[in-house]
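Chain and residue survey
Take a look at the letters that make up each chain.
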Number of protein chains: 2
Amino acid sequence: MKLQTGSLARLVEELARLPGIGPKSAQRLAFYLLNAPLEVAEKLAGAILEARKSIRYCSVCANLTDAETCAVCADPRRNQEVLCVVEEPKDVLAMERVRGFKGLYHVLHGVLSPRDNLGPAQLTIKQLMARLKGGQIKEVILATNPNMEGDATALYLAELIRPLGIKVTRLAHGLPVGASIEYADEITLTRAWEGRQEVK
Amino acid sequence: MKLQTGSLARLVEELARLPGIGPKSAQRLAFYLLNAPLEVAEKLAGAILEARKSIRYCSVCANLTDAETCAVCADPRRNQEVLCVVEEPKDVLAMERVRGFKGLYHVLHGVLSPRDNLGPAQLTIKQLMARLKGGQIKEVILATNPNMEGDATALYLAELIRPLGIKVTRLAHGLPVGASIEYADEITLTRAWEGRQEVK
């Protein structure tokens, strides 16, 4: 016998589509949304629709924004000579949490992945190259993820960018801080070994 | 510098209000809702609003339903003589997962809790007593949670119901199946001891 029918079942179903939300969590969330003040449910639904309506890609760096250009691109205090290339908007947030970086970003919206039919045309590489040809940028930091596809994308971009006479760098690979060598995987350890630095 | 402004920040904020969703998960969900096909976001928002509009309490047992009476109360095959009293609608779902029980339910929508200003009038106790006075029910199983407030509520209800000549029972306390005695807490172990049964 199906206990949850109609609109409750539908709500649970839609919630369970969200990443990381299993059927049990979906049920818990559904009950919460039904028991909370009506305003809570309406605000959430409204925020979803409003975000979908107003959020678009920054015309410069392709990050998410609800203005013509994002907050970073619109800020004249950012260093206009250093550009950090990331895969996704969430990577920009991760980078900003570090605080040290004061340059600009470019969001690729993916990585090269023949398996998923993602070639250069599916990413924002054309826009990136147009930006670089503007001549203001002196260094590009390729901050794609340290995995096969991220590395391949970085390599591909490096070959495209180097002829422009721009310095191309990649985030260091190595042991995460606080990790123990005993449990580090082989590849990480090899990278840490290759990237070893002189202690002065 | 605040990177997330306007509608994205608002969406993250609303998602982070959900129980069990921290700021990081909220961000992940927000990005998902922005990147997913528009339909996914619209369906979720629609399901939330629709559920809030159509779901109400069953006029008999106070469980959630979008009809006048819930699926259990509307089913003539359910045993009309046994009534299981639970705290919340989600408890009905937990009970139904067990499968063995074929009787009816009554949802209290809370427990007695002087601390939270929840007295008998805030629960569906009046409706419960009216149902019981109908005379059809022979046994009431008090399935409130095995904690102080659940136990107090069960005790309170038992005293109300017993004068009607209806059998009142409580779910057994004891060791959870698969648990080890070594790690059982004292109170559980005491209850398991008190409730010991003869092996025949």
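Residues numbered from 1 in each chain as written. Chains lettered and ligands numbered in written order. Predicted model: local features only at pLDDT ≥ 70, side-chain atom pairs only at ≥ 80, totals over all residues. Heavy atoms only, no water.

**Considering the nonpolar core**
Leu-15 and Ile-48 of chain A together with Leu-15 and Ile-48 of chain B are the most contacted members of the largest nonpolar core, which totals 42 residues. Elements supplying a minimum of two residues to this core: α1 (6-16), α2 (23-35) and α3 (38-54) of chain A together with α1 (6-16), α2 (23-35) and α3 (38-54) of chain B. The contact partners of Leu-15 of chain A, leaving out residues within four places of it in the chain, are Ile-21, Ala-26, Leu-29, Ala-30 and Leu-33 of chain A together with Leu-44 of chain B. Counting residues in hydrophobic clusters, the runner-up holds 34 residues, among them Leu-83, Phe-101, Tyr-105 and Leu-157 of chain A. (Core = buried A, V, L, I, M, F, W, Y, C linked by side-chain atoms within 4.5 Å. Buried < 20%, exposed > 50% of the residue type's maximum accessible area, 1.4 Å probe, protein only. Helix = DSSP H or I, 4+ residues; strand = E, 2+ residues; numbered from the N terminus. Contact = heavy atoms within 4.5 Å.)

**Comments concerning α2 of chain A**
For α2 of chain A, built from 13 residues, the straight-helix expectation of 18 Å at 1.5 Å per residue is met to within 8% by its first-to-last C-alpha distance of 18 Å. Looking at α2 of chain A, one finds that the buried residues are Ala-26, Gln-27, Leu-29, Ala-30, Phe-31, Leu-33 and Leu-34 of chain A. (Expected span 1.5 Å × (residues − 1).)

**So, the packing of aromatic side chains**
Residues and elements named next belong to chain B. Under the counting rule described, the total for this entry stands at two aromatic pairs over all chains. Considering the side-chain rings of Phe-101 and Tyr-105, the 5.3 Å spacing of their centres and the 65 degrees angle between planes classify their relative orientation as edge-to-face. A residue is classified by how much of its surface remains accessible, and Tyr-105, at 1% relative accessible area, is buried. (Phe/Tyr/Trp six-rings, centres within 6.5 Å; stacked < 30°, edge-to-face > 60°.)

**Side note on the relation of the copies chain B and chain A**
Here chain B sits on chain A after a turn of 179 degrees about the axis and a move of 0.0 Å along it, with an RMSD of 0.1 Å. Interpreted geometrically, this transformation is the action of a two-fold axis. Considering only C-alpha atoms, the residue of chain B closest to the rotation axis is Ala-45 of chain B, which sits at 2.2 Å. Comparing interface residues between copies, 100% of those in chain B also sit at the interface in chain A, which points to an isologous, same-surface contact. (Least-squares fit on C-alpha atoms with pLDDT ≥ 70 in both.)

**Looking at the pattern of salt bridges**
Residue and element names in this part refer to chain B. Under the criterion given, the structure shown has 20 salt bridges over all chains. With a shortest N-O distance of 3.6 Å, Arg-115 and Glu-149 are connected by a salt bridge. Here Glu-149 lies in helix α6 (residues 148-161) and Arg-115 lies in the loop between β4 (104-107) and α5 (125-133), a separation of 34 residues in the sequence. Taking relative accessible area as the criterion, Arg-115 reaches 69% and is therefore assigned exposed. (Salt bridge = Lys/Arg side-chain N within 4 Å of Asp/Glu carboxyl O.)

**What to know about the pairing of strand β6 (residues 167-170) of chain A**
Residues and elements named next belong to chain A. In terms of strand pairing, strand β5 (residues 139-142) meets β6 through four bridges, oriented parallel. Bridge pairing links Ile-141 to Thr-169 in β6. Each parallel crossover has a hand, and the one from β5 via helix α6 (residues 148-161) to β6 is right-handed. (Pairing = 2+ DSSP bridges. Right-handed = clockwise from strand over helix to strand, strands pointing away.)

**Examining the sheet that holds β5 of chain A**
Residues and elements named next belong to chain A. Spatial ordering of the open sheet is given by β4-β3-β5-β6, a layout of four strands whose pairing is parallel. Two strands in the sheet have a free side with no partner beyond their single neighbour: β4 (104-107) and β6. Across the sheet, the mean angle separating the axes of adjacent strands is 25 degrees when strand polarity is ignored. Bridging between strand β3 (residues 82-86) and β4 involves four bridges; their strand directions are parallel. Across the sheet, residue Cys-84 finds its bridge partner in β4, namely Tyr-105. Contacts from helix α5 (residues 125-133) reach β3, β4 and β5, with the element oriented near 150 degrees to β4. (Axes fitted to C-alpha atoms, helices over the stretch in contact; angles between N-to-C directions.)

Any link to function would need more than the numbers given here.
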